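Below are the chains, spelled out letter by letter.
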Amino acid sequence: MSRTQPIRQPNELTRFKDYYRKEHPNPRNYTLIVLGLNTALRIGDILKITWGMVYDFENRHYHAHLHLTEQKTGKETIIALNQAVIAALENLRQADSPSHKDDYLFNSQKNHDAPISRYQAFRIIKKAAVDTHMPEHISCHSLRKTFGYHAWKNGTPPALLMDIFNHSSYQITRRYLCIEQDDKDKVFYQIGL
C-alpha cells in the first residue's frame, strides 16, 4: 500500500516549489504550493480561502494571521502568514487583480464564483512533482506532511505539531512525520556519549 510522502530533501523541495515560479510561471499554482507548504492546511481548507481572509482591501495590506474553521475537524485555527506566503500572495494579487474580498484565491476558470476543484489542485501538484522528478506518492497531502517533516527536523516539538495539525493523538502526528530509518540513524550517530 502506498502512502503519501513528504518532500524530504531541501534541493528537491526547492525544485518542486520553483516549478510554477521559474519553469512554467503560473502565480496561482505557485501560490497554491507555497500556501500548502507554509500553513499545514488540508487542500480542502486551502481552496476555500478568500482574498478577504488574507488581505485588507480598505487599508491595502495583508493580515498577519489567517483565521478559519477547518472543514474536517470543525476547529478554529489561526495561522501566521510568513514572508514566503505574503510574497506569493502579492505576486498572485498583481497577476489576478481580485476586486472583492469574497473572491477565492484559487478561482476556477470555468466558474468564477467557485474555487478550483480538489482534483484540479491534485493535477497541479502532481504535474510539478512528475516534471521535477520527485519520488512517487507526492499529492496534495504531501504539502501538509512536508510542513510537518521540516518543522520536526528544525526542532519543533512533536506535541506542538500535534496541536498545529489538530490531531487527536500523537500516533497520528508521528505517522505524518514519516520518520524513516535514516532519520533514526542520525540520532544514534550524533549522540556520541
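See the structure above.
For the structure given in this document, a descriptive report is provided here. (Residues numbered from 1 in each chain as written. Predicted model: local features only at pLDDT ≥ 70, side-chain atom pairs only at ≥ 80, totals over all residues. Heavy atoms only, no water.)

Quick look at the nonpolar core
Piece 1. Membership of the largest hydrophobic core comes to 41 residues, with the highest contact counts inside it found for F16, L32, V54 and F106.
Piece 2. Every element with two or more residues in this core is listed here: α1 (10-23), α2 (27-39), α3 (43-47), α4 (51-54), β3 (65-69), α5 (83-96), α6 (118-131) and α7 (140-153).
Piece 3. Discounting chain neighbours no more than four positions away, the residues touching V54 are I49, Y62, H63, L66, L81, L89 and L105.
Piece 4. Counting seven residues, the second-largest nonpolar core is a separate cluster that includes A40, A151, L161 and L177. (Core = buried A, V, L, I, M, F, W, Y, C linked by side-chain atoms within 4.5 Å. Buried < 20%, exposed > 50% of the residue type's maximum accessible area, 1.4 Å probe, protein only. Helix = DSSP H or I, 4+ residues; strand = E, 2+ residues; numbered from the N terminus. Contact = heavy atoms within 4.5 Å.)

A closer look at a positive patch on the surface
Piece 1. Together, R3, R174, R175 and K184 give the surface a local cluster of positive charge.
Piece 2. Here R174 shows up in helix α9 (residues 170-177).
Piece 3. Accessibility expressed as a relative area gives 47% for R174, which makes it partly exposed. (Patch = residues over 30% accessible without salt bridge, like charges linked within 9 Å, V, L, I, M, F, W, Y side chains within 5 Å. Areas by Shrake-Rupley, 256 points an atom, 1.4 Å probe, with all protein chains shown as cover. Salt bridge = Lys/Arg side-chain N within 4 Å of Asp/Glu carboxyl O. Lys, Arg positive; Asp, Glu negative; His and termini not counted. Charge placed at Lys NZ, Arg CZ, Asp CG, Glu CD.)

Considerations on the pairing of β3
Piece 1. Burial along β3 is one-sided: L66 and L68 are buried, and none of H65, H67 and T69, which face the opposite way, are.
Piece 2. Where β3 meets strand β4 (residues 76-80), five bridges bridge the pair, whose relative direction is antiparallel. The residue bridging H65 from the neighbouring strand is A80, located in β4.
Piece 3. The antiparallel pairing of β3 with β4 creates a hairpin that spans six residues between the two strands, and G74 there sits at a positive phi of about 75°. (Pairing = 2+ DSSP bridges.)

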